[in-house]
Amino acid sequence: MSRNAPAGGRAVASNGTTVTTSSSLPAISTEDMCPVCKTIRYLNKDMEFLINPECYHSMCVNCVNRLFNDGPNQCPYAGCHKTLRRKGFRSAFFGDLTVEREVDIRRRVAAVFNQVEDDFETLKDYNNYLQMVEDLTFDLVSGTDAQRRAAEATLQQWELEHKADIERNRKAGKEADEQSRRRLAAEREAARQRRVEALREAEEEKLERARSREAELDSLAQGDVGTGAQRVQLKRRGQAAANRAVEAAVNAAVTAADVGRLSIRGLKEKKKAPAPEGPYDPFGGMDFVPSRYKLRAGLTHPGVEKYKHDPAHVTGGYSFDEYATRAMFEAFAGLGVFIEDEKEVGIGLSAGEVATISAGIAAVGCKMELD
Amino acid sequence: MATEDARYRESSQYQLWSFSPTQLAAMREKTNAAARASIAGRLASMPPRASTPALPEFLTPAEEALLVTFNTSELLRAGDHAEMSDEIKATAAAFFRRFYVTNSIMTYPPTEMLMVALYFACKAEGVFLSITDFIKTFGRENPEEIIAGEFLLCQGLRFAIDVKHPFRALRGSIMELSALPDIEPARLAAAEHRAREILRFSPLITDAYFHYTPSQIMLAALSLADRGLAERLIAETFHYVAPPANNSGADTPASSGPDAPAPSRRSAPRSDGEDRTQIIGSHIRDKVLGTIEACRDMLSKELPERREHWTNKTVIKAQITPLRKKLNKCHDPERWNLVELQRARREQASKKADSEDGDAEDGPAGGTVEADGAVFGGPLPRDSKRRKVGKGLDDPFGPAL
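Per an unreviewed UniProt entry, chain B carries the name Cyclin-like protein and comes from Chaetomium strumarium. UniProt annotates chain B under Sequence similarities (unreviewed entry) with the comment "Belongs to the cyclin family. Cyclin C subfamily."

In the annotation of an unreviewed UniProt entry, chain A is listed under the name RNA polymerase II transcription factor B subunit 3 and assigned to Chaetomium strumarium. UniProt annotates chain A under Subcellular location (unreviewed entry) with the comment "Nucleus".

In structure tokens form, the structure reads like this:
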């Protein structure tokens, strides 16, 4: 997090491109002297340099306040005609202002071109996209004026056209960030809990040890040296061992649960769940509503009447309606299935078109039957 | 599309075991040709004996079909003898006929397979007889004969073990009809009795189970028993456009088959986009009537009175005995004995497990999956899955049949 002072002086070319010219100016001058008011650090201990991302010319806080407090003003650097505002000034994160500028540009481009790999059909497409973005960024960072303008135009056009996509991706990214942040926090919390637990246990153990020692001393003081004390001792020890065993079991359970909850960093987050397909249909969408007949109540047959009073059938819960349903289904199933047509021509085709052929077939069939 | 039809289309009976007459005839031709080729090859590779001629005369597909039908009637008689329920007998008959669509009667012995089908149908219908009781009923001693053919039968059925029957459907239709006010119960009872009689025999001995759905078979049988009732039921069901006074569709000449309503479709009022018209409109009613008429035609060739025909000694002597003699000469030398066949296959399997070379040059194991698909005239719906499993496990569906 340490902030290096600018390593070299910066001159501004007429076209506005920042060019490092560390050789033309002594390093000490920019490090300790404001290029605008020429104040040196010797005179002002907490002198701070600010830049404006419009042109990346650095100046001290005093100059910024003095020049821009009354509203927008021109950059005080000779030859730089950018209009700057007070609000735009900030301290540079990087010592090297070219790096600062490149990072800014990259941040901006990344905010617009924020597609992820999942948005692409193939890896090749994604790679091509990355290549395109990188070319554009390079043009913006260190292209010629024309290239920069073209890249800028492309960027703005893309932003305009894909506003919705960008917004969606931004939200998704934010969510992912949020999730990973939460997970990390949970992990940290769990680790802290474990530490606290361990500390408490150590404490308890120490207390326990002291208590048993006390008891030992007490028994010695009372003087009944012998089997009783020994037994008490043994019992206590056994108690402790039992306690330990119980605790170990509890701990094992806890660790097991932890293992179950253990999350591994770097794992791919699960993609969004597939759209629900509705309840599973074991019959593959087959319709069981009869279309040729109606299942009236009271359908019955003389042949099943006698079973309706037969305990062997009635006790078991046999449903005579089921029998009627099945008999009715079988009476009408396949009534409209014309095997000859369907096996020769195909389901749903009428034999009208192939009537002559079929007549021949029928003739053959009759002959065969005579055989 | 009507929901009931959609549900029926999910059944294995529809997906695997429903064919148009041409398809079925083509499959039988193919099975016959394949059996001829393989039996000829096996006979040629046998050590030549002085008495046997070079190659016997094979059965034609028509002769095979006749033998299968005869054996189906034998199967139904055997079921009657063992006092089995209608469903078991019907399932057994369906199994038997399905098995001999993709397997030739020259390859596997029909009399053995008939017993196997009966025993397995008991299991399929939830009646678990002990094998000793079962063979005792038929006066046999060796349970191996039945057990040896069981897996073979399953393979032949493509493991489609559920057979949909029209018996319960008949009860459903009677329920629906008895709700109508103007039909006296005595007539209903008589019609049901007769229709059930027909359902017990006629559809089982013909190809009706391959060509029609259970409800169509049921209505055809009902129409044979009491034409008015069947037509009434259809008229009540397909009521969306007011039913015409005379049921013109019912009088369709049977020779034109299920496609008879095609011309009448143009005259029928069409309201496209109207779902109900598609489900219970008059156009579909005419089509259903035509189909039922065709089914009725098929059933009327084998009415229950024909039971006597198939047990008539003179008929058997004139038609069946020569075929049996022919069959005795031309049957498959390797596969005719099911017990031997199973023993040989087991030995082969254990040998394979020992060596674990995964070599597939042993005779019957070659190219099974493709052959299975080809037999059905196209890839089966589950072929891809089967292929995936078959790679590692040496085809769990067994060797070629």
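Undergrad: Before we go on, may I ask you to explain the overall build of chain B in this structure?
TA: Counting secondary structure elements, chain B contains 21 helices and zero strands. Looking at chain B residue by residue over its 401 residues, the buried ones come to 52%. Here the contacts in chain B between residues at least 6 apart in sequence split such that 80% fall between residues at least 24 apart. Accessible surface, chain B: about 18,000 Å² in total, of which carbon and sulfur atoms supply 54%.

Undergrad: What's the story with the confidence of the model for chain B in this structure? I'm lost.
TA: For any part of a model where pLDDT is low, the fine detail of the predicted coordinates should not be relied upon. Residues and elements named next belong to chain B. Averaged over every residue, the pLDDT of chain B is 80; the share at 70 or more is 78%. pLDDT under 50 marks residues 242–273. Its contacts with residues more than four places away, or in other chains, come to 33 contacts. Here the predicted complex carries an ipTM of 0.77, next to a pTM of 0.57.

Undergrad: Would you mind going over the confidence of the model for chain A with me for this structure?
TA: Residues and elements named next belong to chain A. Across chain A, pLDDT averages 77, with 74% of residues at or above 70. At the low end of the mean pLDDT range in chain A sits strand 1 (residues 10–12), at 41; at the high end sits helix 6 (residues 163–222), at 92. Under a pLDDT of 50 for its full length, residues 1–29 has, in the predicted model, 36 contacts with residues more than four places off or in other chains. Counted against residues more than four places away or in other chains, residues 258–265, with its pLDDT under 50, gives six contacts.

Undergrad: I'm lost on the interface of chain A and chain B in this one. Help?
TA: As a measure of interface size, the accessible area lost when the parts come together is often cited. With 50 residues of chain A at the contact, the number on the chain B side is 59 residues. Summed over both partners, the interface of chain A with chain B comes to about 5,000 Å²; 60% of that surface belongs to carbon and sulfur atoms. Of all residues in chain A, the largest losses of buried area upon contact with chain B belong to Arg292(A), Ile339(A) and Lys343(A), amounting jointly to 14% of the total for that side. Glu176(B) is the salt-bridge partner of Arg296(A), the closest N and O atoms lying 3.2 Å from each other. For the interface between chain A and chain B, the tally reads 24 residue pairs in polar contact (both at pLDDT 80 or more). At the level of secondary structure, the elements contributing two or more residues to the side of chain A that touches chain B comprise helix 8 (302–305), helix 10 (320–332), helix 11 (339–344) and helix 12 (355–370) of chain A. The greatest single-element share of the side of chain A that touches chain B, amounting to nine residues, is contributed by helix 10 of chain A. Of the residues assigned to the side of chain A that touches chain B, the class counts are 26 nonpolar, 10 polar and 14 charged.

Undergrad: Help me out: how do you make sense of a nonpolar patch on the surface in this one?
TA: Residues Ile40(A), Tyr42(A) and Leu43(A) make up a contiguous nonpolar surface patch of about 380 Å² in total accessible area. Relative to the elements of secondary structure, Ile40(A) occurs in the loop between helix 1 (27–32) and strand 3 (49–50).

Undergrad: Can you walk me through the packing of helix 4 (residues 61–81) of chain B against helix 5 (residues 86–102) of chain B in this structure?
TA: Geometrically, a packed helix pair is captured by the angle between its two axes and the distance between the axes. Residue and element names in this part refer to chain B. Relative orientation of the contacting elements helix 4 and helix 5 amounts to 155°, with a least axis distance of 10 Å. In terms of axis orientation, helix 4 runs roughly antiparallel to helix 5. The two elements helix 4 and helix 5 cross, and the hand of that crossing is right-handed. Each of Val-68, Thr-69, Asn-71, Thr-72, Leu-75, Leu-76, Gly-79 and Asp-80 in helix 4 lies in contact with helix 5, whose residues at this interface are Lys-89, Ala-92, Ala-93, Phe-96, Arg-97 and Tyr-100.

Undergrad: In this structure, what is going on with the nonpolar core? I would like to understand it.
TA: The tendency in soluble globular proteins is for nonpolar side chains to be buried side by side. Counting 113 residues, the largest nonpolar core has Leu75(B), Met106(B), Met113(B), Phe134(B) and Leu219(B) as the members making the most contacts within it. At 10 residues, the largest contribution of residues to this core is made by helix 6 (residues 110–124) of chain B. Counting residues in each nonpolar core, the second largest holds 16 residues, with Met47(A), Cys55(A), Cys63(A) and Leu67(A) among its members.

Undergrad: Honestly, the pattern of salt bridges in this entry has me stumped. Any pointers?
TA: Where charged atoms from two side chains of opposite charge come close, those side chains can pair. Residues and elements named next belong to chain B. For the structure shown, the criterion picks out 52 salt bridges over all chains. Here Glu-197 ties to Arg-200 by a salt bridge, and the two come within 3.3 Å at their closest N and O atoms. In this pair, Glu-197 and Arg-200 are both assigned in helix 10 (residues 185–205), three residues apart and thus about one turn of the helix distant. Take Glu-197: its relative accessible area is 25%, and that puts it in the partly exposed class.

Undergrad: Is there a simple way to think about the packing of aromatic side chains in this case?
TA: Aromatic ring pairs are described here by two measures, namely the spacing of the ring centres and the angle between the planes. Using the criterion set out here, one finds 20 aromatic pairs over all chains in the structure. One aromatic cluster is present, formed by Phe113(A), Phe120(A), Tyr126(A), Tyr129(A) and Trp158(A) through successive ring pairs. Directly above the aromatic system of Tyr14(B) lies the positively charged group of Lys343(A), at a separation of 4.5 Å from the ring centroid. Positioned above the aromatic ring of Phe329(A) is the side chain of Arg7(B), whose terminal nitrogen or guanidinium carbon lies 3.8 Å from the ring centre.

Conventions and cut-offs
- Residues numbered from 1 in each chain as written.
- Chains lettered and ligands numbered in written order.
- Predicted model: local features only at pLDDT ≥ 70, side-chain atom pairs only at ≥ 80, totals over all residues.
- Heavy atoms only, no water.
- UniProt positions renumbered as here; feature names shortened; annotations may be inferred.
- Helix = DSSP H or I, 4+ residues; strand = E, 2+ residues; numbered from the N terminus.
- Buried < 20%, exposed > 50% of the residue type's maximum accessible area, 1.4 Å probe, protein only.
- Contact = heavy atoms within 4.5 Å.
- Areas by Shrake-Rupley, 256 points an atom, 1.4 Å probe, with all protein chains shown as cover.
- pLDDT = per-residue confidence, 0-100.
- Buried area = accessible area lost by both parts, 1.4 Å probe.
- Salt bridge = Lys/Arg side-chain N within 4 Å of Asp/Glu carboxyl O.
- Polar contact = N/O pair within 3.5 Å; in protein donor to acceptor, adjacent residues only side chain to side chain.
- Nonpolar A, V, L, I, M, F, W, Y, C, P; charged D, E, K, R; others polar.
- Patch = residues over 30% accessible without salt bridge, like charges linked within 9 Å, V, L, I, M, F, W, Y side chains within 5 Å.
- Axes fitted to C-alpha atoms, helices over the stretch in contact; angles between N-to-C directions.
- Parallel < 35°, antiparallel > 145°, perpendicular 65-115°, else oblique.
- Left-handed = near helix turned anticlockwise from the far one by under 90°.
- Core = buried A, V, L, I, M, F, W, Y, C linked by side-chain atoms within 4.5 Å.
- Phe/Tyr/Trp six-rings, centres within 6.5 Å; stacked < 30°, edge-to-face > 60°.
- Lys NZ or Arg CZ within 6 Å of the ring centre and 35° of its normal.

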